[in-house]
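# Topology and contacts: notes
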Amino acid sequence: MGKDQNKLRGKSLPGRTAVRAVCAIALLFVFSSCATTRSHFSRLDSDVSQHRFVEAIDHLERNRDRLYSNRDTILYYLDRGMLSHWARMHGESIRLLTRAEEEIEAAFTVSVTQVMATFLINDTLRDYPGEDFEDIYINIFNALNFFHMGMLESAMVEIRRMNLKLMHLATKYSVMMSELQQRAMQEDFGHVPFDPSAPVNFSDSALARYLSMLFYRAAGMEDDVRIASEWLRVAFANAPAVYNFPIPSTIVYELYVPRGVARLNVLAFSGLAPIKESSTMRIPLPGMRWARIDLPHMVSRRSEVASIYLVHSDGQRIRLELLEDIEAVAMETFRARRDLIYLKTVMRAITKAAGSVALGVAANEASGDTALVLGVASILAQVFAETSERADLRTSRFFPGRAYVTGINLEPGVHSFDVVFYNRAGRRVAIESFHNFVVRENALNLVEAFHLN
């Protein structure tokens, strides 16, 4: 009997060694993948922080295969499109952001195989579909691109496209939630907390309405200017969680520009929109097993900019006022998907971990080589459940965090002025100068400045 036990131990040793090796490799894979994800964009982020946008585009193109997988087509177009916008390559930005918008629309017809893979392994196995805030702000920045190219009507079309998307945002996830609810009931996951009725507390964009006002004013459409200003106020009223600051005081002066003067409008962006990080928890299961839950959440990339001023050559100094907190919009629109992601992740993780538990129970009831095989299979199933459960942290990196505005009436003619960015200590961190800028009467004199740190 002792010899038989020794033989069994001798047989089990390679199995145990293999299990340890598989676990070590799997854990190494997990940690190295996370490190690689973080390090891949460090050079790109460094270029952007120093406003070396041409260099950033060059680095992105040379390392595209490392930065983006074949499932990240939308991310590539978004990142490259926004970098092109900041580099003042407006035609190229239009082309790329339009491609991103087309791919986002196509992502709604993603293959059944990809959808099933997200239920079996994780959400990174489907093509990145784009976040709602990305889809929305594509049109804002394409509107600005068209404006800078002198194509006002095309700019207005982009704003209208954005407004249509906002109209459908509140009901966008109702069908998906209904499907997940049915699946949860079938799998007896009714105890999982989620709120299917939670509305999206963002249904209109003050920034879009502001640009509408300016575009309509430039086109001489006075009634539409007034209507756009009213909708801007409605946007603030309907989303207090997003617009938790006063309406800019200069808005009222955009409705009418006196004869004989010209209106200069300044739109300034600061910081960068949030990115995703993961939070992990584990649900204990029988047999010393667990279900790993890996969830994405939006995290702020806090800007160093605390205030922005328009400084005119004649000494006038006007503080720009916050119009749109794009970071808050990104977090609010992501919240609409959070319950969907949570429910789906818990269902998937428990299902995967349950396989390990079942194999462990079977191993305890078996004997000899069968018990060993089932035991190894149980451990490998747990390793698979642990290493394959990974939050989808994909998101674009180069949308701004906040938008500020101001306006000033000037005599028509040539003017020079600066847009100056200050930090919380009151120290100047950036300045963008506009020399010999022609401010025309009965025209839209809009300048765009930014500091993305």
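See the structure printed just above.
A brief report on the enclosed structure follows.

Reading guide: rules and limits
- Residues numbered from 1 in each chain as written.
- Predicted model: local features only at pLDDT ≥ 70, side-chain atom pairs only at ≥ 80, totals over all residues.
- Heavy atoms only, no water.
- Helix = DSSP H or I, 4+ residues; strand = E, 2+ residues; numbered from the N terminus.
- Buried < 20%, exposed > 50% of the residue type's maximum accessible area, 1.4 Å probe, protein only.
- Contact = heavy atoms within 4.5 Å.
- Areas by Shrake-Rupley, 256 points an atom, 1.4 Å probe, with all protein chains shown as cover.
- Pairing = 2+ DSSP bridges.
- Axes fitted to C-alpha atoms, helices over the stretch in contact; angles between N-to-C directions.
- Expected span 1.5 Å × (residues − 1).
- Salt bridge = Lys/Arg side-chain N within 4 Å of Asp/Glu carboxyl O.
- Polar contact = N/O pair within 3.5 Å; in protein donor to acceptor, adjacent residues only side chain to side chain.
- Phe/Tyr/Trp six-rings, centres within 6.5 Å; stacked < 30°, edge-to-face > 60°.

From N to C terminus, the protein chain includes 14 helices and 10 strands. For the protein chain, the proportion of its 453 residues judged to be buried stands at 51%. When contacts within the protein chain are restricted to residue pairs at least 6 apart in sequence, long-range pairs at least 24 apart make up 75% of them. Of the roughly 21500 Å² of accessible surface on the protein chain, a fraction of 56% belongs to carbon and sulfur atoms.

With that settled, the discussion passes to the sheet that holds strand β6 (residues 321-325). For sheets, the rule is that strands pair by backbone hydrogen bonds, running either parallel or antiparallel. Judged by pairing direction, the sheet is mixed, and its four strands sit side by side in the order β6-β7-β1-β10 without closing on themselves. Every other strand in the sheet has two partners, leaving β6 and β10 (445-451) as the edge strands with one partner each. Within the sheet, the average angular offset between the axes of one strand and its neighbour, ignoring direction, is 25 degrees. Note: strand β1 (residues 262-270) against β10, seven bridges, orientation parallel. Looking at the pairing, Leu267 lines up with Glu448 of β10.

On to the sheet that holds strand β4 (residues 307-312). If you trace the four strands from one edge of the open sheet to the other, you get β5-β4-β8-β9, paired in antiparallel fashion. Of all strands in the sheet, those with a lone pairing partner are β5 (317-319) and β9 (428-439), marking the two edges. Neighbour to neighbour, the strand axes of the sheet diverge by 20 degrees on average, direction disregarded.

What follows deals with helix α6 (residues 90-107). The terminal C-alpha atoms of α6 lie 25 Å apart, and with 18 residues this matches the ideal 26 Å at 1.5 Å per residue to within 8%. Along α6, the residues that are buried comprise His90, Ser93, Ile94, Leu96, Leu97, Ala100, Glu101, Ile104 and Ala107. Each element contacted by the buried residues of α6 is listed here: α5 (73-86), α8 (132-148) and α9 (152-169).

Here we take up the pattern of salt bridges. A complete count under the given rule lists 25 salt bridges for this structure. Across the pair Glu131 and Lys276 runs a salt bridge whose closest N-O atoms are separated by 2.6 Å. Taken as a pair, Glu131 in the loop between α7 (112-120) and α8 and Lys276 in strand β2 (residues 272-285) lie far apart in primary sequence, 145 residues in all. Residues joined by salt bridges that share partners form a network here, namely Glu101, Glu105, Asp135, Arg161 and Lys165.

What follows concerns unusual backbone geometry. Keep in mind that most residues, glycine aside, have a negative phi and that most peptide bonds are trans. With a phi angle near 65 degrees, Arg88 is a residue other than glycine that sits in the positive phi range. You can see Arg88 is positioned in the loop between α5 and α6. A positive phi angle, near 50 degrees, is found at Asn436, a position not held by glycine. Here Asn436 shows up in strand β9. We classify Asn436 as exposed; its relative accessible area is 58%.

To continue, consider the side chain of Glu327. Assignment of secondary structure puts Glu327 in helix α13 (residues 326-365). For Glu327, the side chain forms a polar contact with the side chain of Ser300, separated by 2.8 Å. When neighbours within four sequence positions are excluded, Glu327 is seen to be in contact with Pro274, Ser300, Arg301 and Gly401.

A word on the packing of aromatic side chains. Under the defined criterion, the tally for this structure stands at 17 aromatic pairs. Where Phe41 meets Tyr68, the ring centres are 5.9 Å apart and the plane angle is 80 degrees; that geometry is what we call edge-to-face. Highlighted residues: Phe41 in the loop between α1 (2-40) and α2 (42-49) and Tyr68 in the loop between α4 (64-67) and α5, separated in sequence by 27 residues. Here Phe41 and Tyr68 have matching classes, each one buried. Ring geometry for Trp86 against Phe269: centres 5.9 Å apart, planes inclined by 70 degrees, an arrangement best described as edge-to-face. Here the residue Trp86 occupies a position in helix α5, and Phe269 occupies one in strand β1, the gap between them amounting to 183 residues. A relative accessible area of 2% places Trp86 in the buried class. Taken together, Phe53, Trp86, Phe133, Phe141, Phe269, Phe399 and Phe450 form an aromatic cluster joined through their ring pairs.

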